[in-house]
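In case you want the letters, here they are:
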Amino acid sequence: MKTGLMKKRFTRFVQYLLLTIGALGVVFPILYAIGLSLMSAGEASSYPPHMIPHHLKFTAFPAAMETAPLGRFMLNSFVVSLIVTVAQLITASLAAYAFAFLEFPLKKILFLLFLSTMMIPGESTIIPNYLTMRSLGWIDTFRGLTVPFMATAFGTFLLRQYFLTLPKELFDAARIDGCGRFRFLWSIVLPMARPALGTLGVYAFITTWNQYLWPLLMTNSTSMRTVQIGIGMLQFQDATTWNVVMAGVVIILLPSLLTIVLGQKQLVKGLTTGAVKG
Amino acid sequence: MLFSKRISKRMFPKFLVALLVLGLLVAGCGTAANDTSKPSAAGPVTVTFWHSMGGQPAKTLTAMVEKFNGSHSDIQIKLVYQGSYDDAFNKLKASPDQGPDLFQVYDIGTRYMIDAGLAAPMQDFIDRDKFDMSPIEPHVINYYKVGDKLYSMPFNSSMPVLYYNKDLFKAAGLDPAKAPSTFAEVEADAKALTKKVGDKTVYGFSQAIYGWFFEQYMARDGALYANNGNGRDAAATEALVNSPAGVEILTWWKKLIDEGYATNLGRKTADTQNAFGAQQIAMTIDSSGILPNLTTAAAGKFEIGIAPLPRGNNEVNSGPIIGGGSLWILKNKPKAQQEAAWKVVKWFLEPAQVATWTVGTGYLPINKAAVDQEAYKDFIKKYPSYQAAIDQLHNTPENRITQGARIGVFTQARATIENAIEQVVLNKATAKAALDDAAKKITDSIKEYNQTMGVK
């Protein structure tokens, strides 16, 4: 008995140790970025490099805010990311519902066609998309930044696979009770699909937040620009002051971190609710 | 039971409608913002100015534009950052009709801008207004001239210089007032400066694997980069990078590393700058424009010296080429915009503005009168070694070599050269073989460019 307990404890200790090492590896870039952002320019370029600032300096933050209007950029990125996220959740859940619960001709072929669009690299569609947006006169607008990303093959796929795991009995029971399709989707499927919706939401938000090339192409005024371009503005090809760049990175990292924290709560909540119960 | 909670059946359509309205509202805001940015017929002319300045230069430029807008009621500059030079250049290529009125292009984009027919030549405005160009540094102007015609106005101009750590020079028993001026002297000094301290080595020298440096060494050694007078007498058809001068440069580059007096820190100049600031290397080659940055890194630790770019072992009167960027007025814009853009260009050339620009960024003062400005006098007092960069600018003779090559595929050429340098440094090819290969590749892309662009 006792050796069994010891063995169990030891296994757990090893597990935690490995997990801690893994977690440190993952979180290291963020910690280093925070460390650099709190250094002076001189300390940031010292050798051997300092992980933790020896003298706390907060000058990099005002310097970053002064070089690029990060506040405005964050607001823009937030609005754009939020619209894209909400739109993707709506379009993807509707499409996934059709692919998962409805029967219609050519369903399989349509679904495969849908999936095949995931194989097209984003870079190759940038210029055609840009020309379309230009002919619509949507350059430099929120429409141009959001509409092209409102539908998602990956999201549809993700939600469809999740919807397929829901018991068919639910659908039948709801039909017998006289529940319409929309209501079934809204009142039963979506609440039960929270983990998948949460995952898609976080993914959509962060992908949009991290966009660089598309917003750079689409926008022509500083007031429409997004955060990643702001980080570009902090860098300069001839000389880069890393403490200022990292200060900018830390500032724009906060909303993404918040999204993950909030999304994670949803994920956990979603995992613990819902089952085949009356 | 199941359906009693959350949004009821009847509320769901309302929710959809609310979302739709929200979407339309957002779309509406976008339109409004777009419309206000267009100039009205009665108000001031708006000059859209695309630039690629980041960090400190961006800050200086923004402040200057604010000053301009505050003092001009008829013209307002709309300053827009468009990413790196390459990003901005590609964006213009994708849709020239959506371009700006005033465009900052890097040095090596000159040929393409002309061949693509995008430019309203600066010379036309200069000739019409009989604008006096004599105060402007001739070496800077010559780079942007094609024949006798100036196509764009130099803006941010720099030259490569040798930076050295005076304190490490003293510690190694070298004269801090005497910087090496030839490859052999760099080697000798680097040998004296290389020291093992504990388990880490302080190297005498390091330079980033950057194609621009190679071009500069070629020019300093009096060698052409491309045929037909660097592509300036007629369109270039052949790259000459595998000439003896080119081979000498790479042989020396590799020898320093093999002997252990120099270290290879890769392609990013930011990395050699950091190493220099952290006193890991005693000498480096970099743009004259980064002095303020280096000074910040060196503050309180050591004194920086600046010297002209070292030359190869055969004595020749030559000098480096101008690098940086220039301002272009675009041809496809209405007359009123072009005229307004020209006024903006003239304003940036005024001594006061040039001095502000140099002081704020470290770029060369391209107007000779700028050195009489108080701001510049304070600057040179603070960084006396900067004078070496100015002297180098003035001492460089004017000819096809120092004017720099003008080819349409410079971006690719630079990448090809960087690959060649890497191969040599990493012992994968000899200097001669790597450069022969690079010359062939560049020649091929020049030919292809000439064919597709219809250049004869």
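Residues numbered from 1 in each chain as written. Chains lettered and ligands numbered in written order. Predicted model: local features only at pLDDT ≥ 70, side-chain atom pairs only at ≥ 80, totals over all residues. Heavy atoms only, no water.

This brings us to the packing of aromatic side chains. Aromatic rings considered in pairs are described by the distance between their centres and by the relative angle of their planes. One pass over the structure, following the stated rule, counts 43 aromatic pairs over all chains. Consider the rings of Phe-28 of chain A and Tyr-32 of chain A, whose centres lie 5.7 Å apart with planes at 10°: the pair is stacked. Of the two residues, Phe-28 of chain A and Tyr-32 of chain A are both situated in helix H1 (residues 2–37); the distance of four residues between them amounts to about one turn of the helix. For Tyr-32 of chain A, a relative accessible area of 24% gives the class partly exposed. Aromatic side chains Trp-347 of chain B and Phe-348 of chain B sit 5.2 Å apart centroid to centroid with 75° between the ring planes, which places their arrangement in the edge-to-face category. (Phe/Tyr/Trp six-rings, centres within 6.5 Å; stacked < 30°, edge-to-face > 60°. Helix = DSSP H or I, 4+ residues; strand = E, 2+ residues; numbered from the N terminus. Buried < 20%, exposed > 50% of the residue type's maximum accessible area, 1.4 Å probe, protein only.)

A few words now on the packing of helix H2 (residues 55–71) of chain B against helix H15 (residues 351–361) of chain B. Residue and element names in this part refer to chain B. Orientation of H2 relative to H15, taken along the N-to-C sense of each, is 155°, at an axis distance of 9 Å. One finds that H2 runs roughly antiparallel with respect to H15. Regarding H2 and H15, the two cross each other, and that crossing is right-handed. Each of Gln-56, Pro-57, Thr-60, Leu-61, Met-64 and Lys-67 in H2 lies in contact with H15, whose residues at this interface are Gln-353, Thr-356, Trp-357, Gly-360 and Thr-361. Classifying every residue of the contact of H2 with H15 gives four nonpolar, six polar and one charged. (Axes fitted to C-alpha atoms, helices over the stretch in contact; angles between N-to-C directions. Parallel < 35°, antiparallel > 145°, perpendicular 65-115°, else oblique. Left-handed = near helix turned anticlockwise from the far one by under 90°. Contact = heavy atoms within 4.5 Å. Nonpolar A, V, L, I, M, F, W, Y, C, P; charged D, E, K, R; others polar.)

All names here are of chain B. When the domains of chain B are assigned, the result is domain 1 (45–158 + 323–382) and domain 2 (160–321 + 404–453). Taken over C-alpha atoms, the centre of domain 1 sits 28 Å from the centre of domain 2. Taken together, the contact pairs 20 residues of domain 1 with 20 residues of domain 2. Here domain 1 and domain 2 share an interface that buries about 1,700 Å² over both sides, 53% of which is from carbon and sulfur atoms. In terms of surface lost to domain 2, no three residues of domain 1 exceed Ile-108, Arg-111 and Tyr-143, which account for 38% of the buried area on that side. Inspection of the domain 1/domain 2 interface yields zero salt bridges. Where domain 1 packs against domain 2, one counts six residue pairs in polar contact (both at pLDDT 80 or more). Contributing elements (two or more residues each) for the side of domain 1 that touches domain 2: helix H4 (110–115), helix H6 (138–143) and strand E4 (145–146). Among the residues forming the side of domain 1 that touches domain 2, the class breakdown is nine nonpolar, six polar and five charged. (Domains from an automatic or database assignment. Buried area = accessible area lost by both parts, 1.4 Å probe. Salt bridge = Lys/Arg side-chain N within 4 Å of Asp/Glu carboxyl O. Polar contact = N/O pair within 3.5 Å; in protein donor to acceptor, adjacent residues only side chain to side chain.)

Before going further, it helps to spend a moment on the interface of chain B and chain A. Each side of the interface is counted separately: chain B has 48 residues, and chain A has 54 residues. Surface buried jointly by chain B and chain A totals about 4,500 Å² across both partners, of which 60% is contributed by carbon and sulfur atoms. Taken together, the connections running from chain B to chain A amount to two salt bridges. The partner of Arg-134 of chain A in a salt bridge is Asp-97 of chain B, and the shortest N-O contact between them spans 3.0 Å. Run the count over chain B and chain A and you get eleven residue pairs in polar contact (both at pLDDT 80 or more). Among the elements of the structure, helix H1 (11–36), H2, strand E2 (75–81), helix H3 (85–94), helix H12 (269–277) and helix H13 (291–298) of chain B are those that each provide at least two residues to the side of chain B that touches chain A. Element by element, the count of residues in the side of chain B that touches chain A is highest for H1 of chain B, at eight residues. Here the residues of the side of chain B that touches chain A sort into 21 nonpolar, 18 polar and nine charged.

Time to look at helix H14 (residues 335–349) of chain B. Its 15 residues give H14 of chain B an end-to-end C-alpha distance of 21 Å, which sits within 8% of 21 Å, the value for a rise of 1.5 Å per residue. What H14 of chain B keeps buried is the set Gln-337, Gln-338, Ala-340, Ala-341, Trp-342, Val-344, Val-345, Trp-347, Phe-348 and Leu-349 of chain B. (Expected span 1.5 Å × (residues − 1).)

With that settled, the discussion passes to the side chain of Asn-450 of chain B. Note that Asn-450 of chain B resides in helix H20 (residues 431–453). In this structure Asn-450 of chain B touches Ala-236, Thr-237 and Val-455 of chain B, once residues within four positions along its chain are discounted.

Turning our attention to a nonpolar patch on the surface. A cluster of nonpolar residues, Phe-10, Phe-13, Val-14, Leu-17, Leu-18 and Ile-21 of chain A, forms a patch on the protein surface that exposes about 610 Å² of accessible area. Turning to its location among the elements, Phe-13 of chain A is positioned in helix H1. (Patch = residues over 30% accessible without salt bridge, like charges linked within 9 Å, V, L, I, M, F, W, Y side chains within 5 Å. Areas by Shrake-Rupley, 256 points an atom, 1.4 Å probe, with all protein chains shown as cover.)

Right, let's get into the nonpolar core. Formed by 145 residues in total, the largest nonpolar core has its most connected members in Phe-103, Phe-205, Phe-214, Tyr-217, Tyr-225, Phe-348 and Ile-407 of chain B. When residues are assigned to domains, this core turns out to be shared by domain 1 (45–158 + 323–382) and domain 2 (160–321 + 404–453) of chain B, each giving three or more. (Core = buried A, V, L, I, M, F, W, Y, C linked by side-chain atoms within 4.5 Å.)

Right, let's talk about unusual backbone geometry for a bit. Residue and element names in this part refer to chain B. Of note, the phi angle at Gln-279 is positive, near 60°, even though the residue is not glycine. Inspection of the secondary structure puts Gln-279 in the loop between H12 and strand E10 (281–287). Non-glycine residue Asn-427 carries a positive phi angle of around 70°. For Asn-427, the location among the structural elements is in the loop between helix H19 (410–425) and H20.

Right, let's talk about the environment of Gly-325 of chain B for a bit. Residues and elements named next belong to chain B. Here Gly-325 shows up in strand E12 (residues 323–329). It is 9.3 Å that separates the C-alpha atoms of Gly-325 and Ser-52, two residues lying 273 residues apart in sequence. The contacts of Gly-325, once residues within four sequence positions are left out, are Tyr-85, Val-105, Tyr-106, Asp-107, Tyr-144, Pro-154, Phe-155 and Asn-156.

Time to look at the sheet that holds E2 of chain B. Residues and elements named next belong to chain B. Spatially, the five strands line up as an open sheet ordered E2-E1-E3-E12-E6, and their pairing is mixed. At either end of the open sheet lies a strand with only one pairing partner, and these are E2 and strand E6 (153–158). Going from strand to strand, the sheet's axes swing by 20° on average, the running direction of each strand aside. Sheet analysis places strand E1 (residues 45–51) next to E2, joined by seven bridges and oriented parallel. Its bridge partner lying in E2, Thr-48 is registered against Lys-78. Packed on one face of the sheet, H2 meets E1, E2 and E6 and runs near 160° to E2. (Pairing = 2+ DSSP bridges.)

Further remarks concern the sheet that holds strand E11 (residues 304–308) of chain B. Residues and elements named next belong to chain B. Ordered by their spatial adjacency, five strands build an open sheet running E8-E9-E10-E7-E11, and the pairing between neighbours is mixed. Unpaired on one side and paired on the other, strand E8 (195–197) and E11 mark the two borders of the sheet. When strand polarity is set aside, the average angle formed by the axes of neighbouring strands in this sheet is 30°. Both strand E7 (residues 160–165) and E10 contribute to a ladder of five bridges, which runs antiparallel. Residue pairing in the sheet places Tyr-164 in a bridge with Met-283 of E10.

Let's shift gears to the side chain of Thr-361 of chain B. Checked against the element boundaries, Thr-361 of chain B lands in helix H15. Setting aside residues up to four positions removed in sequence, Thr-361 of chain B forms contacts with Pro-57, Thr-60, Gly-289 and Pro-292 of chain B.

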